[in-house]
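# Examining the three-dimensional arrangement
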2 protein chains.
Amino acid sequence: MRLATKRTRNTIQRKAVQEAIHSLAGQHPTASEVYAAVRERYPQLSLATVYRALHALVEQHAVTEMRVENVARYDIGMGSALSPIACPHHHIVCRRCGRVTDVCASAIPSPLLQAIGEAANGFQVDAHPIQFRGVCASCQVVPLS
Amino acid sequence: MRLATKRTRNTIQRKAVQEAIHSLAGQHPTASEVYAAVRERYPQLSLATVYRALHALVEQHAVTEMRVENVARYDIGMGSALSPIACPHHHIVCRRCGRVTDVCASAIPSPLLQAIGEAANGFQVDAHPIQFRGVCASCQVVPLS
DNA sequence: TTCCGTGCAAACGATTTGCATTAGT
DNA sequence: ACTAATGCAAATCGTTTGCACGGAA
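Residues numbered from 1 in each chain as written. Chains lettered and ligands numbered in written order. Predicted model: local features only at pLDDT ≥ 70, side-chain atom pairs only at ≥ 80, totals over all residues. Heavy atoms only, no water.

Our focus in this paragraph is helix α1 (residues 12–23) of chain B. Over its 12 residues, α1(B) runs 16 Å from end to end, which matches the ideal 16 Å to within 8%, given 1.5 Å per residue. Against the buried residues of α1(B) lie α2 (31–39), α3 (47–59), β1 (63–68) and β2 (71–76) of chain B. (Helix = DSSP H or I, 4+ residues; strand = E, 2+ residues; numbered from the N terminus. Expected span 1.5 Å × (residues − 1). Contact = heavy atoms within 4.5 Å.)

And the structure:
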């Protein structure tokens, strides 16, 4: 279990990770993808530091984390002005190519979520992010294997 | 990538795994939890075999697989008569304790899913399973850390 | 008699951590 | 100065795989 520490110092590495996340906004990069992006500018920066910076940024809500098929993916926090969807949103994962698309959270009426919560023994359901699966537009034209 | 093979032989190990899944129905056990259950009766059965059996059973739709926070969890296939919810259903994961609860899929109207798909550049959204997050009834009474 | 399935151990990919060192504050 | 953050390598966790053997078909 990762325990919340101060995490306050503004190091160049942390700034670099934040920049990378911004430059990859909407692409939901994995830690390794962030690492690759960061390395173009700071080749000495280590993967462990990327992980630690990502955790710090998640704690500060500057970055959001999601998990798809065993790997963590990241995106800019909802507060960020650079976000393609700078509001609460859901995620749709393509069952074929694995890409993640955002959808504004307003799509799902909250009475529906309450009903679902009651159907689940009194669960209090989060309004977002809800994770959907499906087939994205580009994969729909590809014949299945 | 795991390629689909014959997987036809009815070994005692495979039957043991299937029984374990049935005895743990509705609990969404991990592979290790299935392993522990199976070992009570067959102490020599290996973890690798549990994984292989689970994959085989998923292929045959006798078992369903889901992923929560980096680990695969399993449940009996929807066709099974022993299922507490023997129909298409969604999953709600408790953000505090991690437990997974099923909710019948009929709760979400399909026009809504279509609208969501269109909002996501023409995604074709699966009717189930949709993964929700929230706080389960028992965790709601526990004060946050 | 085929080969598929098993058990074991080693390999794997993603993530975390211990430790000595560096660098924000 | 104080101490959080870094870089490296080793450790950990869940899962998969190579290989020789055993048991369904």
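This part takes up the pattern of salt bridges. Residues and elements named next belong to chain A. Within the structure shown, the criterion is met by 10 salt bridges over all chains. We note a salt bridge from Glu 33 to Arg 73, for which the minimum N-O separation is 3.9 Å. Of this pair, Glu 33 sits in helix α2 (residues 31–39) while Arg 73 is found in strand β2 (residues 71–76), placing the two residues 40 residues apart along the sequence. Judged by relative accessible area, which is 40%, Glu 33 ranks as partly exposed. (Salt bridge = Lys/Arg side-chain N within 4 Å of Asp/Glu carboxyl O. Buried < 20%, exposed > 50% of the residue type's maximum accessible area, 1.4 Å probe, protein only.)

A separate point is the environment of Cys97(B). Residues and elements named next belong to chain B. Structurally, the position occupied by Cys 97 is in the loop between β3 (89–94) and β4 (100–104). With 39 residues separating them in the primary sequence, Cys 97 and Cys 136 have C-alpha atoms 8.1 Å apart. If we ignore the near neighbours within four places in the chain, the residues touching Cys 97 are Cys 136 and Cys 139.

Turning to the pairing of strand β3 (residues 89–94) of chain A, a few remarks are in order. All names here are of chain A. Most of β3 is tucked away, with 6 of its 6 residues classed as buried. By the alternation rule, side chains of β3 split into His 89, His 91 and Val 93 and His 90, Ile 92 and Cys 94, which are all buried. As defined by bridge partners, β3 adjoins strand β4 (residues 100–104) across 5 bridges and the pair is classed as antiparallel. From the neighbouring strand, Ile 92 faces β4, where its bridge partner is Thr 101. Hairpin connection from β3 to β4: 5 residues lie between these consecutive antiparallel strands, with Gly 98 at a positive phi of about 85°. Where β3 meets strand β6 (residues 131–135), 4 bridges bridge the pair, whose relative direction is parallel. Looking at β6, one finds that Val 93 is bridged to Arg 133. (Pairing = 2+ DSSP bridges.)

Right, let's talk about the interface of chain B and chain A for a bit. Opposite the 34 residues of chain B that make contact, chain A presents 34 residues. In this assembly, chain B packs against chain A so that about 2900 Å² is buried in total across both faces, 62% of it on carbon and sulfur atoms. Sorting the residues of chain B by area buried against chain A places Asn70(B), Ile116(B) and Phe123(B) first, and these three jointly supply 21% of that buried surface. Linking chain B with chain A are 2 salt bridges, by the criterion used here. (Buried area = accessible area lost by both parts, 1.4 Å probe.)

To continue, consider the side chain of His90(B). Residues and elements named next belong to chain B. Relative to the assigned elements, His 90 resides in strand β3. With a relative accessible area of 0%, His 90 lands in the buried category. Of note is the side chain of His 90, whose polar atom sits 3.4 Å from the backbone oxygen of Ala 105. Apart from residues no more than four positions distant in its own chain, His 90 is found in contact with Thr 101, Asp 102, Val 103, Cys 104, Ala 105, Ile 108, Ala 127, His 128, Pro 129, Ile 130 and Phe 132. (Polar contact = N/O pair within 3.5 Å; in protein donor to acceptor, adjacent residues only side chain to side chain.)

In the neighbourhood of DNA strand D, 24 residues make up the surrounding shell, with Thr49(A), Arg9(B), Tyr51(B), His55(B) and Ala72(B) lying closest. For DNA strand D, the backbone portion of the atoms within 4 Å of the protein, that is sugar and phosphate, comes to 65%. The side chain of Arg9(A) places a nitrogen or oxygen atom 2.7 Å from a base nitrogen of DNA strand D. Side-chain polar atom of Gln13(A) to a sugar or linking oxygen of DNA strand D: 2.9 Å apart, as the coordinates give it. Listed by contribution, the elements that provide at least two residues to the surface near DNA strand D are α1 (12–23) and α3 (47–59) of chain A together with α3 and β2 of chain B. Looking at the surface near DNA strand D element by element, the count peaks at 5 residues for α3(B). Taken together, the residues that form the surface near DNA strand D break down as 8 nonpolar, 9 polar and 7 charged. (Near = heavy atom within 4 Å. Nonpolar A, V, L, I, M, F, W, Y, C, P; charged D, E, K, R; others polar.)

Quick look at the protein's contact with DNA strand C now. The environment of DNA strand C is formed by 24 residues, the closest being Tyr51(A), His55(A), Arg9(B), Thr11(B) and Thr49(B). Measuring from a phosphate oxygen of DNA strand C, one finds a side-chain N or O atom of Thr11(B) at 2.8 Å. Broken down by secondary-structure element, the contributors of at least two residues to the surface near DNA strand C are α3 and β2 of chain A together with α1 and α3 of chain B. By residue number, the principal contributor to the surface near DNA strand C is α3(A), which donates 5 residues.

Residue and element names in this part refer to chain A. One can read the domain layout of chain A as domain 1 (1–79) and domain 2 (85–145). A separation of 23 Å is found between the C-alpha centroids of domain 1 and domain 2. In this assembly, domain 1 packs against domain 2 so that about 750 Å² is buried in total across both faces, 57% of it on carbon and sulfur atoms. It is His 28, Met 66 and Met 78 in domain 1 that bury the most area against domain 2; as a group they hold 60% of the surface buried on that side. On the surface where domain 1 and domain 2 come into contact, there are 1 salt bridge. Between Arg 133 and Glu 69 there is a salt bridge whose closest N-O contact spans 2.6 Å. Inspection of the domain 1/domain 2 interface yields 4 residue pairs in polar contact (both at pLDDT 80 or more). Counting residues per element, the side of domain 1 that touches domain 2 draws most heavily on strand β1 (residues 63–68), which supplies 3 residues. Looking at the side of domain 1 that touches domain 2 residue by residue, the classes come out as 3 nonpolar, 2 polar and 4 charged. (Domains from an automatic or database assignment.)

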